[in-house]
Amino acid sequence: VEADTSQDGFLTLAEFEAVLSDSNVRTWLSLMELDVHDTKQVFDILDDGDGLVSPGEFVEGILRLKGSARAQDVMRIMHYCHKLVVDVSSLLTGLRLDK
């Protein structure tokens, strides 16, 4: 399955969803004990915030997600914490500029 249909070196959400609709890919992920019922959520966990998943983000994220649902829950929390830190930093920067 060719995942990167745009051939730009990254996966968009649409490309990610398309590849995860392939039964062979789902079987492979299932054998790795990965639950991919919510493709958007998995994409968001793998994505660093730019709306694209690089090969490095994909491999690192999949390896971290491998295992029980508990590992996925921890990754989801880490993802949301990272987003929170970025948002709070942006707010603080904005407050400093208003002075």
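Because the structure is predicted, anything quoted here is derived from the model rather than measured.

### Concerning the overall build of the chain
So, step 1. A count of helices and strands for the chain gives 5 helices and 0 strands.
So, step 2. Taken from N to C terminus, the helices and strands of the chain fall in the order α-α-α-α-α.
So, step 3. Seen along its three principal axes, the alpha-carbon backbone of the chain occupies a region of about 55 × 35 × 20 Å.
So, step 4. Counting the 99 residues in the chain, one finds 27% classified as buried.
So, step 5. A separation threshold of at least 6 residues defines the contact pool for the chain, and within that pool the share at least 24 residues apart is 48%.

### Side note on the environment of Leu95
So, step 1. With respect to the helices and strands, the residue Leu95 is situated in helix α5 (residues 69-97).
So, step 2. Residue class for Leu95 comes out exposed when judged on its relative accessible area of 54%.
So, step 3. As a C-alpha pair, Leu95 and Met75 span 20 residues in sequence and 30 Å in three-dimensional space.

### Some points on helix α2 (residues 23-31)
So, step 1. Where α2 begins, the capping side chain belongs to Asp22, and its oxygen is found 2.7 Å from the backbone nitrogen of Asn24.
So, step 2. One or two residues past the end of α2 sits Glu33, with phi positive at roughly 65°.

### Here we look at the nonpolar core
So, step 1. Residues Phe16, Leu20, Leu29, Leu46 and Leu65 are the most contacted members of the largest nonpolar core, which totals 17 residues.
So, step 2. Residue assignment for this core shows that the elements contributing at least two residues are α1 (13-20), α2, α3 (39-46) and α4 (55-65).
So, step 3. If we skip the residues at most four places from it in the chain, Leu20 touches Val25, Arg26, Leu29, Val36 and Thr39.

### With respect to the side chain of Glu57
So, step 1. Mapped onto the elements of the fold, Glu57 is located in helix α4.
So, step 2. In this view, Glu57 contacts Leu46, Asp47, Asp48 and Leu52; residues no more than four positions away in its chain are not counted.

About the cut-offs
- Residues numbered from 1 in each chain as written.
- Predicted model: local features only at pLDDT ≥ 70, side-chain atom pairs only at ≥ 80, totals over all residues.
- Heavy atoms only, no water.
- Helix = DSSP H or I, 4+ residues; strand = E, 2+ residues; numbered from the N terminus.
- Buried < 20%, exposed > 50% of the residue type's maximum accessible area, 1.4 Å probe, protein only.
- Contact = heavy atoms within 4.5 Å.
- Polar contact = N/O pair within 3.5 Å; in protein donor to acceptor, adjacent residues only side chain to side chain.
- Core = buried A, V, L, I, M, F, W, Y, C linked by side-chain atoms within 4.5 Å.

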